[in-house]
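What the coordinates show
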Amino acid sequence: MNFMRTAAAAVSAVFLALASPTALAQNFLPGVTYDPAIPTIESVLGKPSGERITPAADVVRYFRELQKAAPDRIKVTTYAKSWQGRELVYAVISSPKNIAGLDSFSLDMKALADPRRTSQAAANAIIARAPGSVWLAHGVHGDEISSADASMMTAYHLLAAKDDPVVAGILANTMVFIDPVQNPDGRDRFVNGFYDTTGLVPSGSAIAAERNQPWPGGRFNHYLFDMNRDWLSITQPETKGRIAIYQDWFPLVFVDLHEMGSNSSYFFSPEADPYNPDIIQSQRDSLKMIGRNNAKWFDRFGFSYFTREVYDAFYPGYGAAWPLFHGSIGTTYEQASARGLLVRKSDGTDMSYQDTVRHHFTSSIATLETMSANREKLLRDFYAYRASAIDEGRKGSVRSYVIPPQQDQSTADRLAKLLSQHGIEVSRATATIRACRKTYPAGSYTVSLAQPAGRLARTVMEPQVNLDKTFMAEQERRRAKDLEAELYDVTAWSLPLMFNVTTDRCADEPTGALAPFTMDTPTPPTFANPDATYGFLAPWGSTAAVRLLSSALREGIDVSSSDFAFTHEGQSYPSGTLIFRKSATPDLAAKLQRLAADAGASVVGVNDSWITQGPSFGSEKVVPHKAPRVAIAWDRPVSPTSAGNLRFVVERQLGYPVTPVRVASLGADELSQFDVLILPDGNYGAVLGDGAAIKGWTERGGVLIAIGSASNFVADPKTGLSSIRRENAVRKDKADKKEDDKAAVPGTEFTTATDLLAAEMPLEEEPDASPGALVKAIPDTDHWLAAGLKPSLNVLMTGNDIFTPARRDAGVNVISFAGPGELVTSGYLWDETKRQLAFKPFVVVEPKGRGELIVFTQNPTVRAYLDGLNVLLANAIFRGAAHANPPR
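Residues numbered from 1 in each chain as written. Predicted model: local features only at pLDDT ≥ 70, side-chain atom pairs only at ≥ 80, totals over all residues. Heavy atoms only, no water.

Per the secondary structure count, the protein chain includes 27 helices and 37 strands. Relative to the 2.2 N^0.38 estimate, which gives 29 Å for 888 residues, the radius of gyration of the protein chain is 29 Å and therefore close to what a compact globule would have. Each principal axis of the C-alpha distribution contributes one length, and for the protein chain these read about 85 × 80 × 60 Å. Looking at the protein chain residue by residue over its 888 residues, the buried ones come to 60%. For the protein chain, restricting intrachain contacts to residue pairs at least 6 apart in sequence, the fraction spanning at least 24 positions comes to 80%. Of the roughly 33,900 Å² of accessible surface on the protein chain, a fraction of 50% belongs to carbon and sulfur atoms. Between the mean site of the 90 positive side-chain charges and the mean site of the 98 negative ones, the protein chain shows a separation of 3 Å. (Helix = DSSP H or I, 4+ residues; strand = E, 2+ residues; numbered from the N terminus. Rg over C-alpha atoms; globule rule 2.2 N^0.38 Å. Buried < 20%, exposed > 50% of the residue type's maximum accessible area, 1.4 Å probe, protein only. Contact = heavy atoms within 4.5 Å. Areas by Shrake-Rupley, 256 points an atom, 1.4 Å probe, with all protein chains shown as cover. Lys, Arg positive; Asp, Glu negative; His and termini not counted. Charge placed at Lys NZ, Arg CZ, Asp CG, Glu CD.)

Here the focus is the state of the cysteines. Any covalent bond linking the sulfur atoms of two cysteines counts as a disulfide. The tally for this structure, following the rule as stated, stands at 1 disulfide. Through a disulfide, C436 is tied to C506; the S-S separation comes to 1.8 Å. Taking the sign of the S-S torsion, about -110° here, the bridge from C436 to C506 comes out left-handed. With C436 in the loop between β15 (426–435) and β16 (438–440) and C506 in strand β18 (residues 504–506), this residue pair connects regions lying 70 residues apart in the sequence. Residue class for C506 comes out buried when judged on its relative accessible area of 1%. (Disulfide = S-S within 2.5 Å.)

This brings us to the sheet that holds strand β20 (residues 527–528). With mixed pairing, the 6 strands of this open sheet are ordered in space as β20-β26-β21-β25-β22-β27. Where the open sheet ends on each side, the last strands, each with one partner, are β20 and β27 (622–624). Both β20 and strand β26 (residues 603–606) contribute to a ladder of 2 bridges, which runs parallel. Each bridged residue has a counterpart across the sheet, and for A528 the counterpart in β26 is V604. (Pairing = 2+ DSSP bridges.)

Here the structure, examined in full by the defined rule, presents 50 salt bridges. A salt bridge links K110 to D248; its shortest N-O distance comes to 3.7 Å. Placement of the pair is K110 in helix α6 (residues 102–112) and D248 in helix α11 (residues 237–249), with a sequence separation of 138 residues. Classification of D248 as partly exposed rests on a relative accessible area of 31%. The closest approach of N and O atoms between D114 and R117, which form a salt bridge, is 4.0 Å. On the accessibility criterion, D114 (15% relative accessible area) is buried. Look at R117 and you get exposed, because its relative accessible area is 56%. Linked by salt bridges that have partners in common, E144, R219, D226, R229, D489 and R863 make up one network. (Salt bridge = Lys/Arg side-chain N within 4 Å of Asp/Glu carboxyl O.)

Across all of its chains, the model carries 46 aromatic pairs by this definition. Aromatic side chains F527 and F536 sit 5.4 Å apart centroid to centroid with 50° between the ring planes, which places their arrangement in the tilted category. With 5.9 Å between their ring centres and 45° between their planes, Y684 and F713 make a pair best called tilted. You can see Y684 sitting in the loop between β30 (676–679) and α22 (685–688) and its partner F713 sitting in helix α24 (residues 710–715), a full 29 residues away along the chain. Both residues of the pair, Y684 and F713, count as buried. The structure contains a cluster of three or more aromatic residues connected by ring pairs, namely F267, F306, Y311, F314, Y315, Y318, Y488 and W493. A cation sits over an aromatic face here: R358 above F301, 4.8 Å from the ring centre. The residue whose ring lies beneath K621 is F564, and the NZ or CZ to ring-centre distance is 5.5 Å. (Phe/Tyr/Trp six-rings, centres within 6.5 Å; stacked < 30°, edge-to-face > 60°. Lys NZ or Arg CZ within 6 Å of the ring centre and 35° of its normal.)

Our next topic: helix α16 (residues 454–461). The element α16 is largely enclosed, with a buried count of 7 among its 8 residues. Every buried residue belonging to α16 is among G454, R455, L456, A457, T459, V460 and M461, and all of these are buried. As for α16, its buried residues are in contact with α14 (375–395), β14 (400–403), α15 (409–421), β17 (445–448) and α18 (495–499).

Reading predicted coordinates in detail is not appropriate for stretches of low pLDDT. Across the protein chain, the average pLDDT comes to 94, with 96% of residues at 70 or higher. Under a pLDDT of 50 for its full length, residues 1–22 has, in the predicted model, 31 contacts with residues more than four places off or in other chains. (pLDDT = per-residue confidence, 0-100.)

Quantified by volume, the largest pocket comes out at close to 1,200 Å³. Taken together, 47 residues form the lining of the largest pocket, with S410, T411, D413, R414 and R547 sitting closest to its centre. Counting residues per element, the ones that place at least two in the lining of the largest pocket are α15, α19 (543–554), β24 (571–573), α20 (588–599) and α21 (640–653). If one sorts the elements of the lining of the largest pocket by residue count, α15 sits on top with 8 residues. (1 Å grid on protein atoms, 1.4 Å probe; cavity = no way out; pocket = protein on both sides within 12 Å on 5 of 7 lines; lining within 4 Å. Points joined across faces, edges and corners; volume = space filled by probe spheres on them.)

The next point concerns empty space enclosed by the protein. Tallied over the entire structure, the rule returns 7 cavities of 30 Å³ or more. There is about 90 Å³ of room inside the largest cavity. For the lining of the largest cavity, the residue count by class is 4 nonpolar, 5 polar and 3 charged. (Nonpolar A, V, L, I, M, F, W, Y, C, P; charged D, E, K, R; others polar.)

Attention now moves to the packing of helix α9 (residues 165–173) against helix α13 (residues 353–373). Taken N-terminus to C-terminus, the directions of α9 and α13 make an angle of 60°; their axes are 9 Å apart at the nearest point. Our classification of the angle between α9 and α13 gives oblique. Crossing of α9 against α13: the hand is left-handed. Of the residues in α13, those in contact with V166, G169, I170 and N173 of α9 are I365, L368, E369 and S372. (Axes fitted to C-alpha atoms, helices over the stretch in contact; angles between N-to-C directions. Parallel < 35°, antiparallel > 145°, perpendicular 65-115°, else oblique. Left-handed = near helix turned anticlockwise from the far one by under 90°.)

Across the interface, helix α12 (residues 281–301) lies against α13 with an axial gap of 9 Å and an inter-helix angle of 135°. The angle between the axes of α12 and α13 places the two elements in the oblique class. Handedness of the α12/α13 crossing: right-handed. Every residue of α13 that contacts α12 at M289, I290, N293, N294, K296, W297, F298 and F301 is listed here: R358, H359, T362, S363, I365, A366, T367, E369 and T370. Class assignment for the residues of the contact of α12 with α13 results in 7 nonpolar, 7 polar and 3 charged.

Our next topic: the pairing of strand β9 (residues 272–275). Both β9 and strand β10 (residues 312–313) contribute to a ladder of 2 bridges, which runs parallel. Bridge pairing in β10 places A272 opposite D312. For the handedness criterion, the β-α-β arrangement of β9, α12 and β10 is classed as left-handed. (Right-handed = clockwise from strand over helix to strand, strands pointing away.)

The peptide bond linking D273 to P274 adopts the cis configuration, its omega dihedral lying at 5°. Locating P274 in the fold gives a position in strand β9. In the segment running from R636 into P637, the intervening peptide bond is cis, with an omega of 10°. Following the sequence through the fold, P637 ends up in the loop between β28 (630–634) and α21. A positive phi angle is found at L224, which is not glycine, with a value near 60°. The class for L224 is buried, based on a relative accessible area of 2%. For F250, which is not glycine, the phi dihedral falls at a positive 45°. Mapped onto the fold, F250 is located in the loop between α11 and β7 (253–260).

Given below as structure tokens:
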């Protein structure tokens, strides 16, 4: 009761201090007066900023009202819609002169962005006349709530403040772009959950229901993506919209405003080590410059902050990192979260939601002031970055990349379009070309590094981006003492490797017939011999072929596939090739042409079924496909991102519907309504116990697919589902030692500090967690699960799960990791992990009665950017269902 009274008093005191419509702003910046013609947040939404957590639609509504009040100084534009149909907007705020010249400003920035067509003299003229620009991006994580409310306060202050020289300078010299709610679906999920549980007064207790979100939480969008990591693969509509509008304006500074743990303070630039090597010194200097001015403002108000810790600048797929590779200054701001209207911190102090709003507002104004004072420098640096990228591309040991036509052409096409979406220039050969001292056929894609976005192209295309050696030596030192590695995200992200697309690195520029290629350039598939008399074949091994199978099954078209490769009329077809018989489906040719065009799949008509090598179409090695009913485990204890990413890949990339089923319902008889059950990452033992119901369902003919950490559940001896077991770390020096329960033990002598470290090591411990590296895996092509796969795959190894192989009498290790010498294809993996992971299983198949258990020891759908594993996942779902034998 005392705590509740204290909390209520703390909140009431803040509210009373901010009673008038403009009191909050005046309290933030004493001495500033405000124009009553500009509507306050309270006059539009009924509450002043920070008194409530504002729903996404209300945030947008307020910006629309600001535009009505000051149309000459603010313009609001819709740039995307979320999966759930919510509007995403951005506002531009500046002086009437600058707003009137918005179109010209966009043209000027695009001209500066391409030094090949803009001479230094022309650039100087643009730099002399153009305003600077700052993009303030708010709330990409929907439960990081304060920034959206701060965005309204920032906009109000810029439009309503009178006789404020700071604001006057900002508006004269700066285009201020405000994206107020980057993740409206996640924000509203959080807001609804909060107000479902809040009471008479806000509670700051760490265990209060209002501050503990129900699954999946508000952090994620509809498909439960962490959209701060989606800037690399650009899969979500929200990210697609942001990527496109960035290239309309090329803002000089891009700030992504976040929240972090409640017991912290505030983070702003400069970032922590390591830095990506394609972030140049002038950008690092500008980050320090921005941070110094932020610090001045925070010191003015007595706000605590920190820099150079935790949040590094190595991975290019963050919202704050990606713009750096286009030449902008991208940075992250992190505010300790109230995760509600009030939080009691561990030191006993209270922090209100209004405090957090004020901090984000303050850093925003400080950053805008830095831009206003350094407009010319930052414009000049942007132009110089783009020019130097071209120069580097002309001189480097790698000057271009070539993507030749290949088996999974649809994924190669997807990679080329993705690169174009990033703003990277791509060309396609219209006839044979020369590069890498050889000839490439028409249809090959090329990427030159001698382009303004050359550094971005290099960082996403190169197989290896090296970490600083001094930094990694420090990480190894820390690891020896069991201290956490200072790596915030993965160390590998090469798009060609993750897509498993053959890409050649060339020391020269391609020559020959090349045409510009963009994400809108059509890539039509082939449909050969549509008048075939027997049927049609669709070669397996591409995501497009998977989409064709998905749509064919959904439309009830009869289809089968071969477990092995075969030859028909001199043409070789890979294992898994789809076989459509005209006799089984009326009007088959017209249906397939439509479906193949939608899927992007190539199809060949055949006039007979005569096979000269491999199994005939009537062989038992050719299996009929049914439309499997697919369920995915949902709700606690499932990892939200794992479940959402997996569902997205199956539904949106493979084109097949899945049904989410709450884990608590997996023991119900209704599970028999499904043929395939996918367990994403999660700690299932706590809910499912020994898994008897799932085991029985599998033995009766179900296909159980365990993904990532769900492998621990099926590998637990308590469930009896799998024969594989999770391994502890290898500790050879402890092999013959045991814990001694005697009061005194034999003495030892240490001659070095290393002896002490060795003695401190536990007798048993888990392997050290991998921060994220791409590793090679080798399929066993004799197994049906490997149908259509390439000779090697690339898997993102994260965490520390390493499993024993399946025994031959229990199952098949269909895909195993490569040996230690060739295991790592990109990134950094600890040496001990490298040796222990070598030859261990990535995918195991174990028959269970009439059903099949398929175990992925690493997640094949993480962030939906391992496109090179899509066919493998499809094999598990569709070919797994075809090989199971449920009772009819």
